[in-house]
There are 4 protein chains.
Amino acid sequence: MRFVYNDVAGSSLDRLSALSDGVFAFAMTLLVLDLHVPRVDGIHSEHDLWLALLAIWPRFTTYLMSFMTLGIFWVGQQTQLSFYDRVNRNYTWIQIGFLAVVAIVPFSTALLSEFITYRIALLVYWFNLLLLGSALFFGMAYAIRAGLTKEGMSDQLRTLFARRVLVSQGLYAFGALLCIFNTYWSIGFIILVQLNYLLAPKIPVLRDV
Amino acid sequence: MRFVYNDVAGSSLDRLSALSDGVFAFAMTLLVLDLHVPRVDGIHSEHDLWLALLAIWPRFTTYLMSFMTLGIFWVGQQTQLSFYDRVNRNYTWIQIGFLAVVAIVPFSTALLSEFITYRIALLVYWFNLLLLGSALFFGMAYAIRAGLTKEGMSDQLRTLFARRVLVSQGLYAFGALLCIFNTYWSIGFIILVQLNYLLAPKIPVLRDV
Amino acid sequence: MRFVYNDVAGSSLDRLSALSDGVFAFAMTLLVLDLHVPRVDGIHSEHDLWLALLAIWPRFTTYLMSFMTLGIFWVGQQTQLSFYDRVNRNYTWIQIGFLAVVAIVPFSTALLSEFITYRIALLVYWFNLLLLGSALFFGMAYAIRAGLTKEGMSDQLRTLFARRVLVSQGLYAFGALLCIFNTYWSIGFIILVQLNYLLAPKIPVLRDV
Amino acid sequence: MRFVYNDVAGSSLDRLSALSDGVFAFAMTLLVLDLHVPRVDGIHSEHDLWLALLAIWPRFTTYLMSFMTLGIFWVGQQTQLSFYDRVNRNYTWIQIGFLAVVAIVPFSTALLSEFITYRIALLVYWFNLLLLGSALFFGMAYAIRAGLTKEGMSDQLRTLFARRVLVSQGLYAFGALLCIFNTYWSIGFIILVQLNYLLAPKIPVLRDV
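Since we're looking at a predicted model, the values are computed, not measured.

### Thoughts on the interface of chain A and chain C
The partner chain C presents 35 residues to the 36 residues of chain A that form the contact. In terms of residue class, the side of chain A that touches chain C is built from 25 nonpolar, 7 polar and 4 charged.

Written out as structure tokens, the structure reads:
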């Protein structure tokens, strides 16, 4: 029997999960490096420190937004993986690509919190969200075509992810568009969309997405 | 059968544990970045280096206090998760919120070790402790209501966590109040409370909490 | 019975996997620290920010190249470990050596992206690739000799890894040689080799390697 | 039945292993941050870069020494945990203390590579090694007393660890003492001891330790 590397490689679902949990955990924790502690030399009283903390307050907003982003996509990937018995080399590589986009989230978050009023920073952040959704969608599409899903679960997987990703990405794109007016509108809208998903759809039309 | 995303998502107890262990491990290791190695240019003799190391000594105190904090809450979350057979999407999100608070510990620790005599820095640290306890408590309350606990374990879970969290948070709040006099009193008191929990309650009245 | 430490130590396959996933996940995420957010003080308009982002564009190339590098060797190690029932102390140490080389990837990547036109930076990067391949090859050779592989799998393991590592290292070495002309040629060639492996060999002669 | 928190808390062997693997993996990867990429502004030719890389060469020595240190103690802890069926709250806390010492290794390594000719830096590093060994020893002693070891394994565990830890700590202490002459002697001796353990004892008298 001929033995080909690509038929055997990258077939461990457990290790793919473990690597993913590691990348997500570090990306989440790296976000905090963006909350710079105020510099000692400018602070001479409790009042000074209070003002300095107020000044970094906007960064907490982007911290929380990105933690929610990473949480949403971690839950999404975990849910997708729960549909499979096994993975193969190609699927593993789609997920490594997904993780490469996950690992960029701390960068695009830092860019946005440093340049919060700049449309380009917001569009970079949105583009990151778009890549996250696309990688998840593409992973699902491949897994169904390659027959990786558990017995009779392909339709459920497609039902769950197709509408979910399309609707959320539509909303994120609309949020990004709002930067025509103001980047704060975009950030506010994206946070609202995320809170809605996080708290389980409360907006009737999204309940079953 | 209708298949809804939120009924399936976030139901892996194993992956929630793995993500949590990753975030805790990284937060614990990030604490050490706060122990800055003295700068080469000011050091010309063994004596200079000795003085420089003595100068960063207070940072070891906050390092150890935060390591204990993270240890206590890691043990707490692990204990809580040991009561469940499974988790659901909502519980997973409560835990992601908990992890967002865990990931902030290196920030509030750095703030406190940089501004150790400032009450605001101490109150930020205490607020972090309060959020950690609240998230753990809220997770327990939700899990009991949602029936996630193993057969017949709800009462034990409530017994264990309710008093434990309330008493410890009461003690932390008292410790924070001591900053009216001096932040060192607060830090000393909080460390004593943590040591007591860590060594298993030796103070009679707390033994069975 | 005499009990010797070295007969018992380092025999957990699970923990070796978990440590490896941690080191890979962290090394992957550290790569992003190389994408420095532009400094606020030089940026006064959307156009300035756009130019600043274009200026860090080359760093995305090295980011992606190194993410692919780490992905390729993570898949390789995972595939190798899937051939074993158990590991022993010596094999564990070969893998710790492999991880020491993995952990250096963020350094050689940062060196290359900072000095992208310097041949020495490129040769350091190539040397890192060489060490990664050698450690993987040496691990395989040892495991076969020590009889760690699952029943009857030694030949398959050798078939898979021997040609694979030799051919890919040959290609990397050729890529490194191209720096005689220009480091960009080297980087371009190495990325093409990686993309070929990643997308599963499309170049006929490499298909079954 | 009365239910007490401390009887239930911290009893998961799996999660203790996962947290440990995380802390070790990050501590190992953090070591690389100590290999600073040379600063662009001083480098104008291949020759300049070559000299700059030669200048950071000593840091590779401390990098490798600390990677070996962490590897040795990771193998040690893994071996110890393989003797247990379960852990309890107190043992978990001893291990959290061990991890707090593990997480300091990147700091003491950075201190030593920055001040490689200073005896105090070397003694700090040695003290870190001493704490690592003590925590491992203390963990073993507690586990035996508390009856955590698998059926009939207590004696083997004691045999393995007691001599091992005592002899290696004796050698480390001797190495540290050599700094009376020169810190390089100490570093060289400690690296030789580590290489001996890593390659499995080759020095006859240590073979069965």
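### Some points on the confidence of the model for chain A
Caution is warranted with low-pLDDT regions, since their predicted coordinates should not be read in detail. Across chain A, the average pLDDT comes to 88, with 94% of residues at or above 70. Across the interfaces of the predicted complex, the ipTM metric reaches 0.89, alongside a pTM of 0.92.

### Thoughts on the interface of chain B and chain A
Of the residues lining the interface, 36 residues belong to chain B; the matching set on chain A comes to 34 residues. Elements represented by at least two residues in the side of chain B that touches chain A include exactly α1 (5-8), α2 (13-30), α5 (89-102), α6 (105-114) and α7 (119-145) of chain B. Broken down by element, the side of chain B that touches chain A gets its largest block of residues, 8 residues, from α2 of chain B. A class-by-class count of the residues in the side of chain B that touches chain A yields 25 nonpolar, 7 polar and 4 charged.

### Considerations on the relation of the copies chain B and chain A
The two copies are related by a screw operation: chain B maps onto chain A through 90° of rotation and 0.0 Å of translation along the axis, at an RMSD of 0.0 Å. Here the two chains are linked by the operation of a four-fold rotation axis. Taking C-alpha positions as reference, the residue of chain B nearest the rotation axis is Gly-22 of chain B, located at 4.1 Å.

### Observations regarding the relation of the copies chain A and chain C
It takes a turn of 90° to lay chain A on chain C, together with a shift of 0.0 Å along the axis; the resulting RMSD is 0.0 Å. The residues that chain A uses at the interface reappear at the interface of chain C in only 8% of cases, marking distinct surfaces.

### Observations regarding helix α7 (residues 119-146) of chain C
A rise of 1.5 Å per residue sets the reference length of α7 of chain C, with its 28 residues, at 40 Å; its end C-alpha atoms lie 40 Å apart and thus fit the reference within 8%. Following α7 of chain C by one or two positions, Gly-147 of chain C has its phi on the positive side, about 70°.

### A few points about α5 of chain B
Along its 14 residues, α5 of chain B runs 20 Å from first to last C-alpha, staying within 8% of the 20 Å computed at 1.5 Å per residue. For α5 of chain B, the set of buried residues is Tyr-91, Thr-92, Trp-93, Gln-95, Ile-96, Gly-97, Phe-98, Leu-99, Ala-100, Val-101 and Val-102 of chain B.

### Observations regarding the environment of Phe-26 of chain D
Mapped onto the fold, Phe-26 of chain D is located in helix α2 (residues 13-30). Discounting chain neighbours no more than four positions away, the residues touching Phe-26 of chain D are Ala-25, Phe-26 and Thr-29 of chain B together with Gly-22 and Phe-26 of chain C.

### Topic: the arrangement of the chains
At their nearest point, the C-alpha atoms of chain B and chain C are still 8 Å apart, with no contact between the two. There is a gap between chain A and chain D: no contact, and a shortest C-alpha distance of 8 Å.

The rules behind the values
- Residues numbered from 1 in each chain as written.
- Chains lettered and ligands numbered in written order.
- Predicted model: local features only at pLDDT ≥ 70, side-chain atom pairs only at ≥ 80, totals over all residues.
- Contact = placed C-beta atoms within 7 Å.
- Nonpolar A, V, L, I, M, F, W, Y, C, P; charged D, E, K, R; others polar.
- pLDDT = per-residue confidence, 0-100.
- Helix = DSSP H or I, 4+ residues; strand = E, 2+ residues; numbered from the N terminus.
- Least-squares fit on C-alpha atoms with pLDDT ≥ 70 in both.
- Expected span 1.5 Å × (residues − 1).
- Buried ≥ 20, exposed ≤ 12 C-beta atoms within 10 Å, placed from the backbone.

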